[in-house]
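Observations on the three-dimensional arrangement
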There are 2 protein chains.
Amino acid sequence: MTGDAIHPAWLPDEAWQAVGSRRVLVRADGPLARTVMQEATRATDHHGGSVGDDGRFDLVLALTDTVGLPDTAASVLAELDYRSGRGTLGTEGFALARRGGVTVVLADGTAGLLYGLFHVVRLGEAAFGAALPLDVHHPVTARRMLNHWDNIDTHPVMGQVERGYSGGSIFWRDGGLTPDLDRIRAYARLLASVGVNAITVNNVNVHATEAHLLTDRLGDVAALADVLRPYHVRVHLSVGFNSPTALGGLPTADPLDPDVRAWWAETTRQVYAAIPDFGGYVVKADSEGQPGPFGYGRTHAEGANTLAAALEPFGGVVHWRAFVYDHRQDWRDRSTDRARAAHDHFAALDGHFAGNVILQVKHGPIDFQTREPVSPVIAAMPSTHLAVELQVTQEYTGQQRHVCYLGPMWSEVLAFTPWGATRPTVAEVASGVAHGDERAAPGRRPSGQGGLVAVSNVGDDPFWTGHPLAQANLYAFGRLAWNPLLDPATLLDEWIDLTFTPAATADPGLLRRTLHEVMDGSWQVYESYTAPLGVGFMVRPGSHYGPDVDGYEYTPWGTYHFADRDGIGVDRTRATGTGYTGQYPKPWSDVYESLASCPDELLLFFHHVPYTHVLHSGKTVVQHIYDTHFAGAERVALMRSNWARLGDAGLVAPDVDARVRERLDEQMRCAQEWRDQINTYFYRKSGILDAHGRRIH
Amino acid sequence: MTGDAIHPAWLPDEAWQAVGSRRVLVRADGPLARTVMQEATRATDHHGGSVGDDGRFDLVLALTDTVGLPDTAASVLAELDYRSGRGTLGTEGFALARRGGVTVVLADGTAGLLYGLFHVVRLGEAAFGAALPLDVHHPVTARRMLNHWDNIDTHPVMGQVERGYSGGSIFWRDGGLTPDLDRIRAYARLLASVGVNAITVNNVNVHATEAHLLTDRLGDVAALADVLRPYHVRVHLSVGFNSPTALGGLPTADPLDPDVRAWWAETTRQVYAAIPDFGGYVVKADSEGQPGPFGYGRTHAEGANTLAAALEPFGGVVHWRAFVYDHRQDWRDRSTDRARAAHDHFAALDGHFAGNVILQVKHGPIDFQTREPVSPVIAAMPSTHLAVELQVTQEYTGQQRHVCYLGPMWSEVLAFTPWGATRPTVAEVASGVAHGDERAAPGRRPSGQGGLVAVSNVGDDPFWTGHPLAQANLYAFGRLAWNPLLDPATLLDEWIDLTFTPAATADPGLLRRTLHEVMDGSWQVYESYTAPLGVGFMVRPGSHYGPDVDGYEYTPWGTYHFADRDGIGVDRTRATGTGYTGQYPKPWSDVYESLASCPDELLLFFHHVPYTHVLHSGKTVVQHIYDTHFAGAERVALMRSNWARLGDAGLVAPDVDARVRERLDEQMRCAQEWRDQINTYFYRKSGILDAHGRRIH
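Quantities reported herein were computed from a predicted structural model and do not represent experimental measurements. (Residues numbered from 1 in each chain as written. Chains lettered and ligands numbered in written order. Predicted model: local features only at pLDDT ≥ 70, side-chain atom pairs only at ≥ 80, totals over all residues. Heavy atoms only, no water.)

1. With respect to the interface of chain A and chain B
- The interface is formed by 29 residues belonging to chain A together with 29 residues belonging to chain B.
- Summed over both sides, the interface of chain A with chain B buries roughly 2500 Å², with 47% coming from carbon and sulfur.
- Among the residues of chain A in contact with chain B, Tyr554(A), Arg565(A) and Arg684(A) are the three that bury the most area, contributing 33% of the side total.
- Our count for the chain A to chain B interface comes out at six salt bridges.
- Taken together, the links from chain A to chain B amount to 18 residue pairs in polar contact (both at pLDDT 80 or more).
- Residue classes in the side of chain A that touches chain B are distributed as eight nonpolar, eight polar and 13 charged. (Contact = heavy atoms within 4.5 Å. Buried area = accessible area lost by both parts, 1.4 Å probe. Salt bridge = Lys/Arg side-chain N within 4 Å of Asp/Glu carboxyl O. Polar contact = N/O pair within 3.5 Å; in protein donor to acceptor, adjacent residues only side chain to side chain. Nonpolar A, V, L, I, M, F, W, Y, C, P; charged D, E, K, R; others polar.)

Put into structure tokens, the structure is as follows:
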């Protein structure tokens, strides 16, 4: 795709109408302040407002240390001082108020001003209407990161972006850095508008070509950093644990070897010489064939700490992924349990990681399934900085051919309370506030070192994300990373209002209503026609798209359902199964252990039950399977007809409409295929007829 | 692989000991006679014999029109004249006798002399011992062809050779003709030694690059023909039906369009200008995505006849593949039956194909499964030339990682009598003698136009075939194509005696005995641990290696088993199923229709039965599955230990021994995987325990 086809996503010119038609004053200096100025200027140029200091303003954006603020702004500052004291907003926070017909944004640093400006854009006309009391905004997690699984080279099967469903990489083209820096700039702007402040620009599976980004191809990374920096987005790199041997020519990559440590130190020094605000390294070690410390008889902590030591002088961090398991498992051996792996590997290492190591834990114990319990690792490492990893790219949730708005899933995960009904939540663990006391140890664990990380869904597709509606997932991730308490439905409203231009129509609410109808429950709809009751997988091996109930059942990948003629599910109880339930603290260790209390939606993740087992819902397992699969496909048909109304009414751009219709057609086909394969599979196995006599093949 | 690593296969210098230590007289002229001279000279140079005319001979090879033969040869010629008349040996036949201490080979043409020489090599010392009565040899089928599914380019997943398990192509390397013509020469020699006289040098799935072999890259084909010609091997080409549009720039490839016909005529004329003995075209049309006449509303006959008309002036032929089916089938629709497809498409066209069209029919109705019934097309087209296609490359029979000697399978197929207990056999249909009368129509159907065709198993692997023991399949194919009545066990003896140098050992029979133990029943062993009772597939989709019982069950490929908790199999009866049994003439239409008479080994191909159905063997279906799968894996263990004895005794070359051991280890692993997956699958479905209490997971 070429640069001239960039879709504005949720930042079309129309979204800037309210700001752009106003008189704007910016009182700050520095690179990010220049970005604020440029954005304001661009908007006012387009919509007839103005930027400058002629004594009359509708919007003031100013640093809190500005001398000689206009009166209204000065009064807001005074109130802020009174309430919390200047300098408490942090580097990224901002305060907003409207009084006396002037909207005021104050921040301690220029990043806060940038985020404040985008907040005003989100508010739109509401930012310039009635008075707004002083409100303070700051991110709950310090690092809000996207991991791009992009490669420079193109893999013949996987494509250029591993698990990417939006075309090629926006960073890399024809074996090197893309010449289309405009697109990257547009991307940085989108990220800043939702608060994402860090990205990796290469795949966690670091292949031969991409390994060189750390050393002789570092210039490309520096060039990317230059483009991202004006939007307060820092670059991180995925690096191979074996870099000292693969790149440095050393005979070993043993993390305790002095030469290895020296190599990492010197290499990292050179990285910072080129990129002073470099974020750090992301490492997938000893997992799925990647090299790691086990090869040298060292622990993950020893491995991570060596890299951390190299980064520490420069303020960099290591994201060390906890996605480690035996991918050469024997399906015959029911005692091995992939779900246990991360906890088995890492829990005992709690307290052994350096202060600038962040253990990056997938939200569930398996691998981004449509439904998983929250990973027990999140509750197991109070003395370790944790980042929770989500997957914006829809690997297991329809691959951007299906509508699947993931905000509600993430919201559920982030609000989960690993220790039961009381706080802290997962979000609080990730943000570092959950274990604040432990983190106060001086000089060791800077607070807020954790964070939220997600695998990106963006590529060089004209709509960025393949499915235009998948833009909402990127939007929602950034917003939830900023504030996990935000309501996913509200985020959808924000995204809709920014993205779609209101049209003069007989039914002004039609667009928003329809998008909610199509998207609100789409995650549950996807869940309903795919693998049932938390059992997971049942996808085509390799591609992970479309149904194949036994596709992984007899493979070494450790993802089984154990369906036989009598029942289905994985017994992970302590009493009779793999003992995985014991990795949770109370009450969850008991809730999941007991058939009586295990939630229906996770039943088959934790228990092997007969098809005739009666759920809390009152249905048998097999009837639940039939019902949800018939209903799921019907819901997709409804989504499709609902969307068609929009398109027929001319309420969306023709190119977006065409793309969404094409994807909905495929979703319909695929949902029917799931319905029929799953229902037939379980009918053939159980011999139990559908209670409603519907057609099962 | 480089040329200097060519393994001699079954023609090591030691195989020429008997010929090479004799005095040899060759009385013939021409290119093939020169080859005979060169081979004799090479052998005698190595083993101390001589070639020439000094009046004393042990071996005379002479054309029947030679004037002034030595006395003994003249007396043999006289007897031949008396018995059958000179000139009845045909272009490829020969007569052999030994009398008065002289071995005499006579032929009407030089190709016969070449084949006669190789026959003497096969006989070894037996050709020079006691007197041998006059014996006439000629091939039963005129065209004995190998199809190479080789591409010039390398496919990222499939590799360079489609369904090739022996490395890259021996013809194409680095995007063009290989520089290693020595290897091709060695290959031609091997082919000639077993009587193969035609090959295609590119894949039947003709991709963009390979399409150009017909036109602007024809020079490469001509160069190959030059190397193959001295061994009486003709080159054929796989061509795309859409060549007139893809290569010729025409707006259509409609076979009835005059411009299209002119394009084929002119293109073919140029082919013959470059390669005067060019064999003809092989076409896969309207199958698995390949273009064909259906795109223009034409029949297969109309399509084939257009190409045939272009070839006819030059004596060339079209091999038109009958492998045509709906590969976008709906698994829900049990009325569609892929097994029916070839007969449904072609039977009605009998009599409509030109005399130089050969309909190339796979031996079974599906696709080279371990066990299939013989294709009903073979009995359905008395007025059409048929070639029967076998698969030497072990796509579905272990991919040259498993020992699977296919001679017995092919022998069974070739001896099958499509019209019941009486002749003709499949081999006789393929050779053209079955329907001799119809073929006598003047100028239309040259006799013997059919033939045997097989997909090659050769690549640039040092042992030619990946698994060294897979060389025997190539050997056996050539010999059975020459004479389908040959006993596969005898062919194995021939191959063993040629290939392996006898070693001085305490047990001189150990080598031969062990190879028979390992190879004789290896096809049945493979069958026993894979898909049971003729049901087919159950392989991993795509690669077709290793078990995946449901791998194709819900796909569009039309290869299903319909296993449910009660039973398994495909109902292809007329009474209640797809009606496929009706495509056979009597008695087979009735034999297969009836549960009482259907052979056990094809039961699930024709019938859906309960797991408790009792076979003719007295076992239930499910117990048969358990028993054969336990036994199959045990047999592989025995094969492995038997082979180890050979290697431990130093009776095979270390490189061959190492390679075979490595493959047997993999076969063992894979056979256990098949055993366990199949047994577990059917235990989970049926709930029926193994009668002998063996371990099922």
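2. Some points on the domain arrangement of chain A
Residue and element names in this part refer to chain A.
- For chain A, the assigned domains are domain 1 (3–137), domain 2 (144–489) and domain 3 (529–570 + 608–686).
- Measuring from the centre of the C-alpha atoms in domain 2 to the corresponding centre in domain 3 gives 29 Å.
- Residue-level contacts link 31 residues of domain 2 with 30 residues of domain 3.
- Summing the contributions of domain 2 and of domain 3, the shared interface buries around 2500 Å²; its carbon and sulfur component is 59%.
- Among the residues of domain 2 in contact with domain 3, Trp331, Arg401 and His402 are the three that bury the most area, contributing 26% of the side total.
- Counting the contacts that link domain 2 with domain 3 gives one salt bridge. (Domains from an automatic or database assignment.)

3. Overview of the pattern of salt bridges
- Tallying each qualifying case throughout the model produces 92 salt bridges over all chains.
- The salt bridge partner of Asp590(A) is Arg574(A), with a shortest N-O separation of 3.1 Å. Here Arg574(A) lies in the loop between strand 19 (567–568) and helix 19 (588–593) and Asp590(A) lies in helix 19, a separation of 16 residues in the sequence.
- Classification of Asp590(A) by relative accessible area gives partly exposed; the value is 33%.
- The shortest N-O distance in the salt bridge between Asp590(A) and Lys586(A) comes to 2.7 Å.
- Counted as one network, the salt bridges with shared partners bring together Asp330(A), Arg332(A), Glu673(B), Arg675(B) and Asp676(B). (Helix = DSSP H or I, 4+ residues; strand = E, 2+ residues; numbered from the N terminus. Buried < 20%, exposed > 50% of the residue type's maximum accessible area, 1.4 Å probe, protein only.)

4. Quick look at the packing of aromatic side chains
- Under the defined criterion, the tally for this structure stands at 64 aromatic pairs over all chains.
- Relative to Phe278(B), the ring of Tyr272(B) lies with its centre 5.5 Å away and its plane at 85°, an arrangement referred to as edge-to-face. Like Phe278(B), Tyr272(B) is buried.
- Summarising the aromatic geometry, the rings of Tyr592(B) and Phe606(B) are spaced 4.3 Å apart at their centres and angled 10° between planes, so their arrangement reads as stacked. Placement of Tyr592(B) in helix 19 (residues 588–593) and of Phe606(B) in helix 20 (residues 603–606) is noted, with a sequence separation of 14 residues between them. Neither residue differs from the other here; Tyr592(B) and Phe606(B) are each classed as buried.
- Positioned above the aromatic ring of Tyr681(B) is the side chain of Lys685(A), whose terminal nitrogen or guanidinium carbon lies 5.7 Å from the ring centre. (Phe/Tyr/Trp six-rings, centres within 6.5 Å; stacked < 30°, edge-to-face > 60°. Lys NZ or Arg CZ within 6 Å of the ring centre and 35° of its normal.)

5. A few points about the pairing of strand 14 (residues 280–283) of chain B
Residue and element names in this part refer to chain B.
- Note: strand 13 (residues 234–238) against strand 14, three bridges, orientation parallel. The partner of His236 across the bridge, within strand 14, is Gly280.
- Inspection of the sheet shows strand 14 paired to strand 15 (residues 317–321) by four bridges, in the parallel sense. When the bridges of strand 15 are listed, Tyr281 appears paired with Val318. (Pairing = 2+ DSSP bridges.)

6. Examining helix 12 (residues 407–415) of chain B
- With seven of its nine residues buried, helix 12 of chain B lies for the most part within the structure.
- Looking at the buried side of helix 12 of chain B, the elements it contacts are strand 17 (385–391), helix 13 (426–431), strand 18 (451–455), helix 15 (471–482), helix 16 (488–499) and helix 18 (522–529) of chain B.

7. Considerations on the relation of the copies chain A and chain B
- In screw terms, the move from chain A to chain B is a rotation of 180° and a rise of 0.1 Å along the axis, fitting with an RMSD of 0.0 Å. These values place the two chain copies in the arrangement generated by a two-fold rotation axis.
- With an isologous cut-off of 70% or more, the 100% of interface residues of chain A that recur at the interface of chain B puts this contact in the isologous class. (Least-squares fit on C-alpha atoms with pLDDT ≥ 70 in both.)

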